[in-house]
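Here's the letter readout for the chains.
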Amino acid sequence: MRYGNNKPKYIRWAIYVLIGAVAVLLQNSAGHFFKPGSARIFIAVCIAVCVAMFEREIASSLIGAFTGVLLDISCGADGFNAVLFVVLCAVCSLLISHFMRNNYITALVLGTGSLFVYEIMYIIINYAGAGLSLGAIFSFYLPSLLLSVLIIPICYEIVKLVYSAFKTADE
């Protein structure tokens with residue numbers, strides 16, 4: 001059995017990895033490029049979810065794992081981001097391939113849900129037992145969620161352009 005030319009697929013995956021690395025750099029940059037006020041835009045989560053919407057489960061999970069590992073390295077976490085990104089990417093990819101259509105509305109729904117799960121899990125893992133003030137929730141976590149939701153369409157369009165530029169014949 002002969003398989004088609006997979007070179008465009010590998011180039012697309014390499015570009016996704018580079019986009020994920022740039023997203024992590026922008027998210028954790030010292031110049032606070034994406035940090036308006038006290039909030040932070042979680043662009044790495046948005047990119048990983050948008051990639052998961054266009055790729056199959058294994059590929060999206062691996063790209064999510066790579067982005068999560070880079071985020072763990074840059075912020076000194078112990079694997080939390082990598083594991084959570086794998087789960088989020090796999091779930092989003094499965095939902096798109098079996099139950100949902102791939103469009104802007106589902107990107108907003110899946111992106112918002114993933115950001116919400118990411119922030120809730122982060123709060124549970126890092127602040128369990130120590131307590132978290134409502135001021136921190138309303139001054140950091142809620143504005144971060146809202147600002148991150150605003151950039152989901154931009155991330156979706158970037159990933160869609162890469163996908164359509166390097167689409168193989170069998171996709």
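How each quantity is defined
- Residues numbered from 1 in each chain as written.
- Predicted model: local features only at pLDDT ≥ 70, side-chain atom pairs only at ≥ 80, totals over all residues.
- Heavy atoms only, no water.
- 1 Å grid on protein atoms, 1.4 Å probe; cavity = no way out; pocket = protein on both sides within 12 Å on 5 of 7 lines; lining within 4 Å.
- Points joined across faces, edges and corners; volume = space filled by probe spheres on them.
- Helix = DSSP H or I, 4+ residues; strand = E, 2+ residues; numbered from the N terminus.
- Nonpolar A, V, L, I, M, F, W, Y, C, P; charged D, E, K, R; others polar.
- Core = buried A, V, L, I, M, F, W, Y, C linked by side-chain atoms within 4.5 Å.
- Buried < 20%, exposed > 50% of the residue type's maximum accessible area, 1.4 Å probe, protein only.
- Contact = heavy atoms within 4.5 Å.
- Expected span 1.5 Å × (residues − 1).
- Polar contact = N/O pair within 3.5 Å; in protein donor to acceptor, adjacent residues only side chain to side chain.
- Salt bridge = Lys/Arg side-chain N within 4 Å of Asp/Glu carboxyl O.
- Axes fitted to C-alpha atoms, helices over the stretch in contact; angles between N-to-C directions.
- Parallel < 35°, antiparallel > 145°, perpendicular 65-115°, else oblique.
- Left-handed = near helix turned anticlockwise from the far one by under 90°.

Let us now look at the layout of surface pockets. Quantified by volume, the largest pocket comes out at close to 290 Å³. Arg40, Cys75, Tyr118, Tyr122 and Asn126 are, among the 17 residues lining the largest pocket, the residues nearest its centre. Of all the secondary structure elements, the ones that give two or more residues to the lining of the largest pocket are helix H3 (57-75), helix H5 (104-127) and helix H6 (134-150). No other element matches H5, which puts five residues into the lining of the largest pocket. Per-class residue counts for the lining of the largest pocket are 11 nonpolar, four polar and two charged. There is about 150 Å³ of room inside the second largest pocket. Lining the second largest pocket are 11 residues; nearest its centre among them are Ile43, Ile47, Ile154, Cys155 and Ile158. Among the secondary structure elements, those contributing two or more residues to the lining of the second largest pocket are helix H1 (7-27), helix H2 (43-54) and helix H7 (152-165).

A word on the nonpolar core. Judged by nonpolar contacts, the single largest core of 39 residues is most densely connected at Tyr16 and Tyr118. Put simply, the parts of the chain that give this core at least two residues each are H1, H2, H3, helix H4 (80-98), H5 and H7. By residue number, the principal contributor to this core is H2, which donates 12 residues. Here Tyr118 is in contact with Phe42, Val45, Leu71, Phe80, Asn81, Leu84 and Phe85, once residues within four sequence places are set aside.

Let us look at H5. For H5, spanning 24 residues, the distance from its first C-alpha to its last is 33 Å, which sits close to the expected 34 Å at 1.5 Å a residue. Of all the positions in H5, only Thr106, Ala107, Leu110, Gly111, Ser114, Leu115, Tyr118, Glu119 and Ile123 are classed as buried. The N-terminus of H5 is capped by Asn103, whose side-chain oxygen sits 3.2 Å from the backbone nitrogen of Ile105.

Here the structure, examined in full by the defined rule, presents two salt bridges. Arg56 is paired through a salt bridge with Glu57; the nearest N and O atoms lie 3.8 Å apart. According to the relative accessible area criterion, Glu57 is buried, its value standing at 18%.

Time to look at the packing of H5 against H7. At their nearest, the axes of H5 and H7 sit 10 Å apart, and the two run at 120° to each other. It follows that H5 is oblique to H7 by the angle criterion. Considering only the axes of H5 and H7, their crossing is right-handed. Mapping the contact onto sequence places Tyr104, Ala107, Leu108, Gly111, Thr112 and Leu115 in H5 and Ile152, Pro153, Tyr156 and Glu157 in H7. Taken together, the residues of the contact of H5 with H7 break down into seven nonpolar, two polar and one charged.

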